[in-house]
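So the chains spell out like this:
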Amino acid sequence: KKLTLGECLAIAEVNHPSLRMAEASLSQTVKGADAIRNLPKIAEWVKPELPVRRMQAANGISAAEAAVAKAHQEIRYDVCRLYYTVVYARQQEFIVNEITEQLKLYKDFVDKFLAKPEPNSPLKITAATAKQINIFLAKANDKLEMARAGQAKAIAALKQAMGVDPAMKDFEPKDTALPIR
């Protein structure tokens, strides 16, 4: 399944455990503040510090709301960054794949040329040329494997940032290129 950035953000808003914890903390803080606020006026005679406790409870609500807002922002940032990390890794794989295919074409041409050289050819192709292309091809294959591994890691990190099961296999970003500003 291909998901847009907006869909990934929506899934993260629903599933991320740190957001759920911050919201639960806010809920409990509001309940505690309501309990203190709803005490009868006579309670102030027994506990003279009650007005201060009410102010502290209000400050606690503000702090809990800030924690929820912070969790929202951190999750949005993480999902956006990792979504585009996956897109970038996919672009890397595509580019390295193209380079590998070109190097294979060059290798085939050089191998054919060396197998049946043309004496009057202006091309200066030697066995060293073939060896150099083989080295470049091996390096390109290594980079291709690195790009594939990086993409798999980025997808796993994105799933974690979204709060979904890392074993979810049918997921990839819908975008195929980084946005250009």
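Higher on the page you've got the structure.
Residues numbered from 1 in each chain as written. Predicted model: local features only at pLDDT ≥ 70, side-chain atom pairs only at ≥ 80, totals over all residues. Heavy atoms only, no water.

(A) Inspection of the overall build of the protein at higher detail. The secondary structure content of the protein amounts to 5 helices and 2 strands. In the protein, the order of α-helices and β-strands from amino to carboxyl end is β-α-α-α-α-α-β. The C-alpha atoms of the protein give a radius of gyration of 30 Å, which is well past the 16 Å a tight globule of 181 residues would have. Based on the C-alpha atoms only, the size of the protein along its principal axes is roughly 110 × 30 × 30 Å. Taken over 181 residues, the protein has a buried fraction of 27%. For the protein, the proportion of contacts with a sequence separation of at least 24, taken over those separated by at least 6, is 76%. With an accessible surface of roughly 12300 Å², the protein has 61% of that area assigned to carbon and sulfur atoms. Across the protein, 27 positive and 21 negative side-chain charges occur, with their mean positions spaced 2 Å apart. (Helix = DSSP H or I, 4+ residues; strand = E, 2+ residues; numbered from the N terminus. Rg over C-alpha atoms; globule rule 2.2 N^0.38 Å. Buried < 20%, exposed > 50% of the residue type's maximum accessible area, 1.4 Å probe, protein only. Contact = heavy atoms within 4.5 Å. Areas by Shrake-Rupley, 256 points an atom, 1.4 Å probe, with all protein chains shown as cover. Lys, Arg positive; Asp, Glu negative; His and termini not counted. Charge placed at Lys NZ, Arg CZ, Asp CG, Glu CD.)

(B) Representation of the side chain of Thr-100. Counting through the fold element by element, Thr-100 comes out in helix H4 (residues 50-115). Exposure remark for Thr-100: the relative accessible area of 1% places this residue in the buried category. With near-sequence residues (within four places) excluded, Thr-100 lies in contact with Leu-137, Ala-140 and Asn-141.

(C) Broad picture of the side chain of Gln-151. Turning to its location among the elements, Gln-151 is positioned in helix H5 (residues 127-162). The class for Gln-151 is buried, based on a relative accessible area of 14%. In this structure, Gln-151 is in contact with Ala-89, Arg-90 and Glu-93, ignoring residues within four places of it in sequence.

(D) Representation of the nonpolar core in the model. Counting residues in each nonpolar core, the largest one holds 26 residues, and the members touching the most others are Cys-8, Val-79, Tyr-83, Leu-158, Met-162 and Phe-171. Mapped by element, the contributors of at least two residues to this core are helix H1 (5-15), helix H2 (17-37), H4 and H5. Residue contributions to this core peak at 11 residues, all from H4. Those residues in contact with Leu-158 that sit more than four places away from it in its chain are Val-79, Leu-82, Tyr-83, Val-86 and Phe-171. (Core = buried A, V, L, I, M, F, W, Y, C linked by side-chain atoms within 4.5 Å.)

(E) Here's a closer look at the packing of H1 against H4. Running from amino to carboxyl end, H1 crosses H4 at an angle of 140 degrees, the nearest separation of the two axes being 10 Å. What the angle tells us is that H1 and H4 run oblique. Handedness of the H1/H4 crossing: right-handed. In contact with Leu-5, Cys-8, Leu-9, Ala-12 and Glu-13 of H1, H4 contributes His-72, Ile-75, Arg-76, Val-79, Cys-80, Tyr-83 and Tyr-84. Its residues assigned to classes, the contact of H1 with H4 comprises 9 nonpolar, 1 polar and 2 charged. (Axes fitted to C-alpha atoms, helices over the stretch in contact; angles between N-to-C directions. Parallel < 35°, antiparallel > 145°, perpendicular 65-115°, else oblique. Left-handed = near helix turned anticlockwise from the far one by under 90°. Nonpolar A, V, L, I, M, F, W, Y, C, P; charged D, E, K, R; others polar.)

(F) Expanded view of the pattern of salt bridges. Under the defined criterion, the tally for this structure stands at 11 salt bridges. With a shortest N-O distance of 3.0 Å, Glu-93 and Arg-148 are connected by a salt bridge. Note that Glu-93 is positioned in helix H4 and Arg-148 in helix H5, a separation of 55 residues in sequence. In this structure Arg-148 comes out as partly exposed when scored by relative accessible area, which is 35%. With its nearest N and O atoms 3.0 Å apart, the salt bridge here joins Lys-107 to Asp-111. (Salt bridge = Lys/Arg side-chain N within 4 Å of Asp/Glu carboxyl O.)

(G) Inspection of H1 at higher detail. Residues of H1 that are buried: Leu-5, Cys-8 and Ala-12. What you see down the axis of H1 is that its buried residues fit within an arc of 60 degrees, all on one side. Elements in contact with the buried residues of H1: strand E1 (2-3), H4 and H5. (Arc of directions from axis to C-beta.)

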